[in-house]
Amino acid sequence: MATAAGRAWALPAAPSSLRLPGIVLGVGLGGFFDGILLHQLLQWHHMLSSTNHDRIGVKYYNPHTVSGLEMNTVWDGIFHAVCWIAVLLGMAILYGRVTHNRRAVWASRVLWGWMLVGWGLFNLVEGILDHQILGIHHVHGGSYQAWWDAGFLVLGGLFLIGGYLLQRSGRPFDPETGPGAGAAAYQGRA
């Protein structure tokens with residue numbers, strides 16, 4: 001016998017139920033992109049590469065020395081571990097909310113839009129906190145670092161707006177029957 005609470009638990013995933021896992025996945029994946037591209041491949045900065053000019057008094061670890069690069073690499077690793085946890089958490093939330101027809105969820109504009117929102121949030125929070133408030137690193141140090149930091153924030157804002165618009169353009173999704181099914185039930189989504 002099903003109870004009211006049991007029926008509520010079994011309701012299909014509305015598009016708004018993809019919001020949290022999408023945002024958490026986007027934060028983690030955006031962090032990975034930043035860490036892999038800017039920290040490792042381009043080597044423009046590391047987590048503590050600007051602490052000689054920071055606003056909180058963190059010891060400076062010159063990334064151009066072996067010992068300084070070692071410490072920066074440790075902090076880059078901590079940063080990547082946090083990104084990895086965010087991706088695992090986002091996947092766990094998504095897995096818990098969508099029990100059927102998971103392949104269609106991955107094709108959903110709603111999920112990808114929320115992931116883009118998460119990436120934009122990552123850029124904005126990381127850009128404001130680490131680049132502006134704490135000053136522990138910048139996108140690309142040097143005479144144009146303010147422009148690089150501003151571009152990072154603008155990109156984050158564009159991702160946030162674009163992701164929001166993308167998820168709004170997605171069709172409602174019922175994991176039991178696929179995209180578009182049950183559209184009338186989900187017209188009031190947030």
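Predicted model, so just to flag it, every value in this text is computed and none were measured.

What counts, and where the lines are drawn
- Residues numbered from 1 in each chain as written.
- Predicted model: local features only at pLDDT ≥ 70, side-chain atom pairs only at ≥ 80, totals over all residues.
- Heavy atoms only, no water.
- Patch = residues over 30% accessible without salt bridge, like charges linked within 9 Å, V, L, I, M, F, W, Y side chains within 5 Å.
- Areas by Shrake-Rupley, 256 points an atom, 1.4 Å probe, with all protein chains shown as cover.
- Salt bridge = Lys/Arg side-chain N within 4 Å of Asp/Glu carboxyl O.
- Helix = DSSP H or I, 4+ residues; strand = E, 2+ residues; numbered from the N terminus.
- Phe/Tyr/Trp six-rings, centres within 6.5 Å; stacked < 30°, edge-to-face > 60°.
- Buried < 20%, exposed > 50% of the residue type's maximum accessible area, 1.4 Å probe, protein only.

### Brief notes about a nonpolar patch on the surface
Here is step 1 of the chain: A surface patch of nonpolar side chains, amounting to about 360 Å² of accessible area, comprises Val74, Trp75, Ile78 and Val82.
Here is step 2 of the chain: For Val82, the location among the structural elements is in helix α3 (residues 66-97).

### What to know about the packing of aromatic side chains
Here is step 1 of the chain: Scanning all chains against the criterion turns up 6 aromatic pairs.
Here is step 2 of the chain: Between the aromatic rings of Phe33 and Trp119, the centroid separation amounts to 5.1 Å while the plane-to-plane angle is 55°, which identifies the pairing as tilted. Separated by 86 residues along the polypeptide, Phe33 in helix α2 (residues 19-41) and Trp119 in helix α5 (residues 109-133) bring together distant segments of the chain.
Here is step 3 of the chain: When its relative accessible area of 46% is taken as the criterion, Phe33 is described as partly exposed.
Here is step 4 of the chain: On the accessibility criterion, Trp119 (22% relative accessible area) is partly exposed.
Here is step 5 of the chain: Between Phe79 and Phe122 the ring centres are 6.1 Å apart and the planes differ by 45°, which places this aromatic pair in the tilted class.

By themselves these figures say nothing about function.
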